[in-house]
Amino acid sequence: APTDMSVLIAGESGSGKESFSKIIHSMSKRKHGQFIAVNCGAIPEGTIDSELFGHEKGSFTGATESKEGKFELANNSSLLLDEVTEMSMPLQAKLLRVLQEHEVDKIGGRIPIPVDVRVIATSNRDIRKRIQDQEFREDLYYRLNVVPLNLIPLRERIDDISVLTENFIQHFCEENGQSPIKIDPATLTLLKKYRWPGNIRELENTVKSL
């Protein structure tokens, strides 16, 4: 966390990748800056370029004003590229250049804009296979994978279920102004027997419904 090195967090959906990203940011020297997150798989292909790098007024139809991209907004702070393996190959090339040169080219811009951003990327895919299938750039992978973290699925760390469940219950009670409650040991045993395909996110939603 105290370094400026890029981090690549791998893990199944719902395993806590974004939470880990926020913890890394909160323990870094950039913690006073705004933590910016981008879901690379949720932004339409035609707009993600503008979302990441920004655009100038009049650079395309509908660009009625200039816009700062996520890299500019995260300047001197941290940027989370969630599900980075969902990026198209042309966009990966632009991202690689930003990481190498520490500057962004806005759509319609005349000169590059310097940025100082720590990138944290996540993926729930097998990145090595994506590289073999020529769907992810190997040079970009090495740029991002300076500090690799692999989050183990919840079904392989059963002992964490007790701690996480107690934490969720405490949080929900405080949030709703309720007195603290304890979970029945038999219920906890059942929770530990379940496989949790949705990982921590599924556990959290289940605790809400108890």
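Scope of this entry: the structure provided in the associated data block. (Residues numbered from 1 in each chain as written. Predicted model: local features only at pLDDT ≥ 70, side-chain atom pairs only at ≥ 80, totals over all residues. Heavy atoms only, no water.)

**Quick notes on the pattern of salt bridges**
Where charged atoms of side chains with opposite charge meet at close range, the side chains can pair. Under the criterion given, the structure shown has 16 salt bridges. Of the charged contacts, one joins Lys29 and Asp4 as a salt bridge, the two residues approaching to 3.2 Å between their closest N and O atoms. With Lys29 in the loop between α1 (17-26) and β2 (36-39) and Asp4 in the segment before β1 (7-10), this residue pair connects regions lying 25 residues apart in the sequence. Under the relative-accessibility criterion, Asp4 is labelled partly exposed at 36%. For the salt bridge of Lys106 with Glu72, the shortest nitrogen-to-oxygen distance reads 3.4 Å. Separated by 34 residues along the polypeptide, Lys106 in the loop between β4 (103-104) and β5 (113-114) and Glu72 in helix α3 (residues 70-73) bring together distant segments of the chain. A relative accessible area of 12% means that Lys106 is categorised as buried. Using a relative accessible area of 16% as the deciding quantity, one classes Glu72 as buried. Put simply, Asp4, Lys29, Arg30 and Asp116 are held in one network by salt bridges that share partners. (Salt bridge = Lys/Arg side-chain N within 4 Å of Asp/Glu carboxyl O. Helix = DSSP H or I, 4+ residues; strand = E, 2+ residues; numbered from the N terminus. Buried < 20%, exposed > 50% of the residue type's maximum accessible area, 1.4 Å probe, protein only.)

**Points about the environment of His102**
Mapped onto the secondary structure, His102 falls in the loop between α4 (89-101) and β4. Distance from His102 to Phe71, taken between C-alpha atoms, is 9.8 Å for residues 31 residues apart in sequence. Residues contacting His102, with those up to four places away along its chain left out, are Arg97, Ile113, Pro114 and Val115. (Contact = heavy atoms within 4.5 Å.)

**Let's talk about the packing of helix α2 (residues 45-53) against α4**
Here α2 crosses α4 at 10 degrees, and the two axes come no closer than 11 Å. One element, α2, and the other, α4, form an angle in the roughly parallel class. Residues Ile48, Asp49, Leu52 and Phe53 of α2 lie in contact with α4, whose contacting residues are Leu91, Lys94, Leu95 and Val98. (Axes fitted to C-alpha atoms, helices over the stretch in contact; angles between N-to-C directions. Parallel < 35°, antiparallel > 145°, perpendicular 65-115°, else oblique.)

**Here's the deal with the packing of aromatic side chains**
A full pass over the atoms with the stated rule returns 4 aromatic pairs. Ring plane angle 20 degrees and centroid distance 5.8 Å describe the contact between Phe53 and Phe71, whose orientation is recorded as stacked. Of the two residues, Phe53 sits in helix α2 while Phe71 sits in helix α3, which places them 18 residues apart along the sequence. One exposure class covers both Phe53 and Phe71, and it is buried. Judged by centre distance (6.3 Å) and plane angle (20 degrees), the rings of Phe168 and Phe172 are stacked. Here Phe168 pairs with Phe172, and both are found in helix α7 (residues 160-175), just 4 residues apart, close to one helical turn. (Phe/Tyr/Trp six-rings, centres within 6.5 Å; stacked < 30°, edge-to-face > 60°.)

So yeah, pure geometry; function would need other evidence.
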